[in-house]
Amino acid sequence: LATCSLSATVIVPAELGALAAEARVIARGRVVAVEGQVTGDRREIETLVTLEPESWLKAPAGAAPETVRFRVPGGQVGRYRRIVIGAPEFVVGQRIVVFLSGSAPRVPHLVGLAQGVFRVSGAGGATIVANRATAAMSLVAFEARVRTLTEGAR
């Protein structure tokens with residue numbers, strides 16, 4: 001007989017208000033780097049995503065940084081790949097809105113995995129293509145809604 005460990009991903013659907021309340025930082029920007037890395041214990045692979053912010057919907061404490069790095073479970077390092085159900089993938093040049101959580105010194109992570117990422121598309125970013133749980137809406141309306149929700153959460 002052989003034994004092995006199993007793991008699972010459970011994603012509980014979250015509404016925009018819950019994402020906004022849980023996030024410490026909400027930023028809209030362009031992905032400038034995507035790098036796979038092995039975690040410190042060398043057991044897993046994660047992806048570090050670097051975002052160049054264009055707008056802060058919920059600003060970090062202190063001075064706003066020029067770039068924001070966050071981690072996503074799964075990714076690829078050399079010939080090794082780890083797939084995590086519910087974890088989004090990113091491409092350099094993508095415009096996104098991210099809901100991030102976590103405390104220093106750790107690198108922030110997405111709130112709700114793919115639920116915490118909204119892809120911006122359309123002429124001049126006029127439309128936000130929401131994640132699978134939310135209908136598409138204009139970027140201006142989306143940002144106004146998120147700002148209202150973050151103010152209500154304080």
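As a reminder, the structure under discussion sits directly above these lines.
Residues numbered from 1 in each chain as written. Predicted model: local features only at pLDDT ≥ 70, side-chain atom pairs only at ≥ 80, totals over all residues. Heavy atoms only, no water.

### Notes on the pairing of strand 8 (residues 117-121)
- Two elements, strand 6 (residues 95-101) and strand 8, share four bridges in a ladder whose sense is antiparallel. When the sheet's bridge partners are listed, Arg95 is paired in strand 8 with Val120.
- Judged from the three bridges that link them, strand 8 and strand 9 (residues 127-129) form a sheet pairing that is antiparallel. The residue bridging Ser121 from the neighbouring strand is Thr127, located in strand 9. (Pairing = 2+ DSSP bridges. Helix = DSSP H or I, 4+ residues; strand = E, 2+ residues; numbered from the N terminus.)

### A look at the environment of Ser101
- In this structure, Ser101 sits in strand 6.
- The exposure class assigned to Ser101 is buried, which follows from its relative accessible area of 12%.
- With sequence-adjacent residues up to four places away left out, Ser101 is seen in contact with Glu22, Arg24, Pro108, His109 and Val111. (Buried < 20%, exposed > 50% of the residue type's maximum accessible area, 1.4 Å probe, protein only. Contact = heavy atoms within 4.5 Å.)

### A word on the side chain of Gln94
- Mapped onto the secondary structure, Gln94 falls in the loop between strand 5 (80-82) and strand 6.
- Among the polar contacts listed, one links the side chain of Gln94 to the backbone nitrogen of Val91, at a separation of 3.0 Å.
- In terms of polar contacts, Gln94 uses its side chain to reach the side chain of Arg119, at 3.3 Å. (Polar contact = N/O pair within 3.5 Å; in protein donor to acceptor, adjacent residues only side chain to side chain.)

### A few points about the pattern of salt bridges
- According to the stated counting rule, one finds eight salt bridges in the structure shown.
- Taking the shortest distance from any N to any O, the salt bridge between Arg28 and Glu143 comes out at 2.4 Å. In this pair, Arg28 is assigned in strand 1 (residues 25-38) and Glu143 in helix 2 (residues 139-153), connecting sequence segments 115 residues apart.
- Here Glu143 falls in the buried class, since its relative accessible area comes to 9%.
- Salt-bridge contacts for Glu54 lead to Arg95; the nearest nitrogen and oxygen are separated by 2.8 Å. (Salt bridge = Lys/Arg side-chain N within 4 Å of Asp/Glu carboxyl O.)

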